[in-house]
Amino acid sequence: MRQIKPSVYAVGAIDWDARLFDRLIPLPDGTSYNSYVVRGNEKTVLIDTVDPTKTDVLLDNLVRLGINKIDYVVANHGEQDHSGSLSDVLLIYPDAKVVTNPKCKGMLIDLLDIEEDKFITVEDGDTLSLGNKTLQFIYTPWVHWPETMSTYLVEDRILFSCDFFGAHLATSSLFVDDNAKVLEDAKRYYAEIMMPFRRQINSNLDKLAEFQIDMIAPSHGPIHDHPELIIEAYRDWVSETVKNEVIVAYVSMHGSTAKMVSHFVEAMIDRGIAVRQFELSTVDIGKLAMALVDAATVVIATPMVLAGAHPAVIYATFLTNALRPKTKFVSIIGSYGWGGKMIEQLTGIMSNIKAEILEPVLSRGEPKENDFAAIDKLADDIHAKHKEIGITN
Ligand SMILES: Cc1cc2nc3c(=O)[nH]c(=O)nc-3n(C[C@H](O)[C@H](O)[C@H](O)COP(=O)(O)O)c2cc1C
């Protein structure tokens, strides 16, 4: 439990040991579930709760802070890592009302079976007085569910943004003290959670530009007391701009595809294009997702397996498609023994990615001279395309 500003406290939990989120997303640096108390001279509010596994930490913090009565619990988001302690909080503080938007109210009833009469619903822009302090609710949909909103503490200019601007980072620092580390984890978080909703996030950034924000207090990771750092990073990530970078995501069972990938990577370096190679049977998908935020081109490389792409490649391609990166060009490299439909399969999976598909290169068995020549041609095509959009000379 720590004070952020007079009468504003952080009461959430640090989860140092968490290593996987949603049974899907690697958490190399753990995470935190941030929850905040604002004490007005008339009313006390709790903003968001914590993951159900950390309910005891939240309740302990409230006791240590001497909170005998909570008037309102603001739920910015319905997902259980922020709402999961709500039922326990309402049990211990029976006078508390849950303040949220109508969509989130529906979700909290569905997910947590909270009684209808516990809710006060707010519309976009509504305010709630705590006496000498005022909360304003700002709808920020799709960061990352449809009901997400942010809460602005008017007098202190603090934005409680929930998942928006968050980072999976367990740290004892209340505020950002290592820009590079926080930006890395925030980018990972954006890539995995927010990227599919890039356009909605852009609109939310425009909407927030109208507010004077001195601090951003998200629900994961440290508080931004210099919010321009994370706002500018988000502006870059959601922009239409791509970088002179190529991602090569590959698997090879017996080395043929690997030889083609090595040749391709060298060809990219020779042409002055940044390249990142990811081996998909061992990859940290978070690193792949982060690379997808900026790269102009993605090349998938796979052997033919049972008439299609290798299953690890299918998984990564499926995930890439679901994340809807701003990739402009895509190609496929591969090796096969007798035949199959991996090109059709992979291009079919990538239907969300509005990218131009550059001529794939397939070798029968080990790559030969003509296959390496075809890879050089693909490298030339990528270079020409990057030139066309003005990201390389
Ligand atoms: C389990 C398995 C399934 C395969 N299925 C096919 C197939 O359906 N069609 C095909 O053309 N080749 C198939 N192959 C052959 C490989 O695609 C071929 O050996 C290729 O050169 C392997 O590339 P790599 O050395 O990068 O692993 C299969 C190989 C294995 C091991």
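Residues numbered from 1 in each chain as written. Predicted model: local features only at pLDDT ≥ 70, side-chain atom pairs only at ≥ 80, totals over all residues.

Here we look at helix α6 (residues 198–208)
Listed in full, the buried residues belonging to α6 are Arg 198, Ile 201, Asn 204 and Leu 208. The buried residues of α6 occupy an angular sector of 115 degrees when projected down its axis, which confines them to one face. Turned more than 90 degrees away from the buried face of α6, the exposed residues are Arg 199 and Asp 206. Lining the buried residues of α6 we find α5 (179–194) and α7 (228–238). (Buried ≥ 20, exposed ≤ 12 C-beta atoms within 10 Å, placed from the backbone. Helix = DSSP H or I, 4+ residues; strand = E, 2+ residues; numbered from the N terminus. Arc of directions from axis to C-beta. Contact = placed C-beta atoms within 7 Å.)

Here's the deal with the environment of Arg 64
By the element assignment, Arg 64 lies in helix α1 (residues 55–64). Here Arg 64 falls in the exposed class, since 11 other C-beta atoms lie within 10 Å of it. Taking the C-alpha atoms as reference points, Arg 64 and Val 143, 79 residues apart in sequence, are found 32 Å from one another.

Things to note about unusual backbone geometry
Peptide bonds are, in most cases, trans, and in most cases residues other than glycine have a negative phi. Between Val 143 and His 144 the backbone carries a cis peptide bond, its omega angle lying at 15 degrees. By the element assignment, His 144 lies in the loop between β13 (134–139) and β14 (149–153). Here Asp 48, not a glycine, exhibits a phi torsion of approximately 60 degrees, which is positive. As for its placement among the helices and strands, Asp 48 is situated in the loop between β8 (44–47) and α1. On the basis of neighbour count, Asp 48 is assigned to the buried category, with 28 C-beta atoms found within 10 Å. Positive phi outside glycine occurs at Trp 142, with the angle close to 70 degrees. On the secondary structure map, Trp 142 appears in the loop between β13 and β14.

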